[in-house]
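Below are the chains, spelled out letter by letter.
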Amino acid sequence: EIADAAYEQMLKLTYMPMGTTTEPTIRLAEKVAQITPGDLSRSFFTSGGSEANETAMKLTRAYFKRVGEPTRTKFISRKGSYHGATFGTLALGGSPLFPKGDYEPLMPGAFHVPQPNPYRCEFGGQTPEECAEHCVNAIEDLIKFQGPDTVAAVVAEPVSSPMGAVVPGPNYWPLLRELCDRYGLLLIADEVITGFGRTGKMFACEHWGITPDIMTVAKGITSGYIPMGGAITSKSVSDAFIGSPRAAFRHVITFGGHPVAAAAALRNIQIMEDDGLVENSARMGAYLLDGLKELKEKHQIIGDVRGLGLFCGLEIVRDRKTKEYFPPESGIGDLLTRGFAENGLLLRGGDNMNVAPPLCVTSGEIDEIVSTMDRVFAQASKELGAE
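Residues numbered from 1 in each chain as written. Predicted model: local features only at pLDDT ≥ 70, side-chain atom pairs only at ≥ 80, totals over all residues. Heavy atoms only, no water.

The strand order across the open sheet built from 3 strands is E8-E9-E10, with neighbouring strands paired in antiparallel fashion. Two strands in the sheet have a free side with no partner beyond their single neighbour: strand E8 (302-308) and strand E10 (352-355). Adjacent strand axes in the sheet meet at a mean angle of 20 degrees when their direction is disregarded. When E8 meets strand E9 (residues 311-316), the two strands line up antiparallel, connected through 6 bridges. Bridge assignment links leucine 308 to a residue of E9, and that residue is phenylalanine 311. Where helix H9 (residues 277-298) meets the sheet, it contacts E8, E9 and E10, and its direction lies at approximately 175 degrees from that of E8. (Pairing = 2+ DSSP bridges. Helix = DSSP H or I, 4+ residues; strand = E, 2+ residues; numbered from the N terminus. Axes fitted to C-alpha atoms, helices over the stretch in contact; angles between N-to-C directions. Contact = heavy atoms within 4.5 Å.)

Take a look at the structure:
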């Protein structure tokens with residue numbers, strides 16, 4: 001169905017030059033405005049997630065120029081997060097899985113705070129709520145240290161991917177929203193991975209009832225069939241760019257809002273709604289999480305299990321008590337990945353693992369996934385002497 005929608009659009013119009021737009025792009029912007037939280041209503045479409053986050057950064061800098069606060073140029077993001085491969089987004093990212101040494105010095109003005117990971121809280125928080133509060137307080141301390149009139153935005157993934165689907169405590173996002181409001185910062189939610197049903201809501205921010213000032217999306221907007229992404233702004237942000245040619249946001253992505261990609265995205269969203277795939281993500285995600293928790297009871301090398309919807313994570317450890325990882329020379333990642341592949345499962349092993357089946361997955365398929373993981377974990381534990 002998505003292929004048909006793209007093909008039909010190709011027969012009508014395959015491209016639009018800069019300064020124009022197309023019917024499917026307009027309809028997609030309208031649809032996105034309808035389904036996103038709060039007053040998120042204006043979309044700047046891109047070709048993917050890195051471009052979406054880069055666009056959000058440029059929007060933020062330009063916004064504060066428009067509203068008369070030109071000294072607000074700094075961004076706060078989190079250790080262990082990933083926001084893209086372009087030069088600006090590299091500076092935001094903080095994951096050891098994506099080393100940045102080759103590209104330094106990076107864009108100045110990017111600062112990192114601890115990830116609200118209850119399993120490994122840097123502040124020693126004993127509960128998810130306590131860890132969340134400590135992490136938000138750390139952001140406030142950094143804002144004060146840098147000078148509130150120099151900080152533009154906090155950028156964060158609702159559920160962080162690189163460290164294995166890190167779900168923050170339930171108070172984290174409401175506290176973060178309140179903090180940004182208090183100091184006049186923009187809150188940018190990177191929903192490139194979590195958006196469009198992945199966590200059991202259409203957008204992960206809905207779990208905490210908050211609306212960011214800018215939301216970035218990609219991947220799920222077309223289910224990956226055609227490259228597409230976007231930065232979606234609240235009315236208060238987009239209004240700053242309206243009124244005169246001088247106020248306009250002068251930024252171009254050659255294939256941003258491509259009519260064929262827009263047609264595919266519209267059909268994809270319609271299928272998700274018609275087939276109840278967001279609701280299926282919530283139901284099957286809970287079923288998957290239960291299965292993974294059962295695996296944790298059986299295998300000592302699984303230190304933690306967490307997740308929202310069909311976005312679950314595992315931490316693989318050598319010692320549950322100390323939470324020590326296996327040493328690199330153990331080859332735990334390759335061992336698990338190879339074992340999964342040999343058993344018909346496309347899943348990357350490692351210290352931190354994401355388990356994210358398609359939104360249309362069935363309970364029977366989840367049973368197969370969990371049973372396959374059970375066999376592979378048992379074999380790997382035996383080979384590593386960690387039974």
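Reading across from one edge, E1-E7-E6-E5-E4-E2-E3 is the order of the 7 strands in this open sheet, with mixed pairing throughout. Looking at strand neighbours, the two that pair on one side only are strand E1 (40-46) and strand E3 (110-113), the edges of this open sheet. Between one strand axis and the next, the sheet turns by 20 degrees as a mean value, whatever way the strands run. Sitting on the sheet, helix H5 (residues 128-146) touches strand E2 (74-78), E3 and strand E4 (151-156), and the angle it makes with E3 is about 150 degrees.

Right, let's get into the pairing of strand E5 (residues 186-190). A regular strand places its side chains on the two faces of the sheet in alternate fashion. Here E5 lies mainly inside the structure; 5 of its 5 residues are buried. Taking every second residue as pointing to the same face, both faces of E5 are buried, with Leu186, Ile188 and Asp190 on one and Leu187 and Ala189 on the other. Where E4 and E5 come together, 4 bridges link them in parallel fashion. Each bridged residue has a counterpart across the sheet, and for valine 155 the counterpart in E5 is isoleucine 188. (Buried < 20%, exposed > 50% of the residue type's maximum accessible area, 1.4 Å probe, protein only.)

Membership of the largest hydrophobic core comes to 83 residues, with the highest contact counts inside it found for Leu28, Leu314, Ile316, Met373 and Phe377. Beyond its immediate sequence surroundings of up to four residues, leucine 28 is in contact with Phe45, Ile221, Met228, Ala262, Ala265, Leu266 and Ile269. (Core = buried A, V, L, I, M, F, W, Y, C linked by side-chain atoms within 4.5 Å.)

Let's shift gears to the layout of surface pockets. Sizing a probe to match a water molecule and rolling it over the atoms shows the empty space that remains. Here the second largest pocket is characterised by a volume of approximately 860 Å³. For the second largest pocket, the lining is made up of 29 residues, of which Ser43, Phe44, Phe45, Phe249 and His251 are closest to its centre. Elements represented by at least two residues in the lining of the second largest pocket include exactly helix H2 (23-35), E1 and strand E7 (229-234). Sort the elements by how many residues they give to the lining of the second largest pocket and E1 lands first, with 5 residues. Of the residues that constitute the lining of the second largest pocket, the class distribution is 16 nonpolar, 12 polar and 1 charged. (1 Å grid on protein atoms, 1.4 Å probe; cavity = no way out; pocket = protein on both sides within 12 Å on 5 of 7 lines; lining within 4 Å. Points joined across faces, edges and corners; volume = space filled by probe spheres on them. Nonpolar A, V, L, I, M, F, W, Y, C, P; charged D, E, K, R; others polar.)

Between H2 and helix H8 (residues 259-274), the least distance of the axes is 8 Å, while the angle of their chain directions is 35 degrees. Here the hand of the crossing between H2 and H8 comes out left-handed. Facing Pro24, Thr25, Arg27, Leu28, Lys31 and Ile35 of H2, the residues of H8 in contact are Pro259, Ala262, Ala263, Ala265, Leu266, Ile269 and Glu273. (Left-handed = near helix turned anticlockwise from the far one by under 90°.)

Keep in mind these values describe shape, not function.
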